[in-house]
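What follows is the residue order along each chain.
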Amino acid sequence: MGRLSVFAALAAKQAAEESKIEEGLLKSRRLGCIMGSTMGSAEAMNEAFEIMLPNHDLSQLSSMGFFKCVSHTAAMNVAQALGVRGYVMAPSAACASSLQALGLGYELIRSGRQDV
């Protein structure tokens, strides 16, 4: 995980604990993870560009390096770390990413597709 995902996973774990979400619900298909982010970890992106730019060669970037950079890295890693099996979504729309995540979560709960 990149730094962004580590902080997101720790915050999500703390939120789940403080909300008293039981393990059964956390790992059920009724709980989802929707986190908005414009980009992945800045440090990882810098490293990726340093690898790719000298020779203009994307093949030199490892898959781990790639997954630290993508905008869905927080949602992907939080879901993996907590064992989330419901909807996992990662809206990426600049400043509105988190607002879109809240809206998507609301709509999934309102429609009955998710409980949490």
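Above: the structure in question.
Computed from a predicted model, the values in this text were never measured in an experiment. (Residues numbered from 1 in each chain as written. Predicted model: local features only at pLDDT ≥ 70, side-chain atom pairs only at ≥ 80, totals over all residues. Heavy atoms only, no water.)

Engineer: What is the right way to look at the nonpolar core in this model?
Structural biologist: In globular proteins that are soluble, nonpolar side chains generally tend to be buried together. In terms of nonpolar packing, the biggest core is built from 11 residues, these being Ala 8, Ala 9, Ala 12, Leu 26, Leu 31, Cys 33, Ala 74, Val 78, Ala 79, Leu 82 and Val 84. Secondary structure elements with two or more residues in this core: α1 (3–18) and α5 (73–82). Looking at this core element by element, the count peaks at four residues for α5. Each residue touching Cys 33, except ones within four places of it in the same chain, is listed here: Ala 75, Val 78, Ala 79, Val 84, Tyr 87, Val 88 and Met 89. Residues Ala 44, Met 52, Leu 61 and Cys 69 belong to the second largest nonpolar core, which totals five residues. (Core = buried A, V, L, I, M, F, W, Y, C linked by side-chain atoms within 4.5 Å. Buried < 20%, exposed > 50% of the residue type's maximum accessible area, 1.4 Å probe, protein only. Helix = DSSP H or I, 4+ residues; strand = E, 2+ residues; numbered from the N terminus. Contact = heavy atoms within 4.5 Å.)

Engineer: Sorry if this is basic, but what is going on with α1 here?
Structural biologist: Side chains three or four residues apart in an α-helix point the same way, a direct result of the helix having 3.6 residues per turn. The first and last C-alpha atoms of α1 sit 23 Å apart over 16 residues, in line with the 22 Å expected at 1.5 Å per residue. Looking only at α1, the buried set comprises Ser 5, Ala 8, Ala 9, Ala 12 and Ala 16. Axial view of α1: buried residues confined to an arc of 100 degrees, hence all on one face. Facing away from the buried side of α1 by more than 90 degrees, the exposed set consists of Arg 3, Leu 10 and Glu 18. Residues of α1 that are buried sit in contact with α5. One or two residues past the end of α1 sits Lys 20, with phi positive at roughly 60 degrees. (Expected span 1.5 Å × (residues − 1). Arc of directions from axis to C-beta.)

Purely geometric numbers; function is a separate question.
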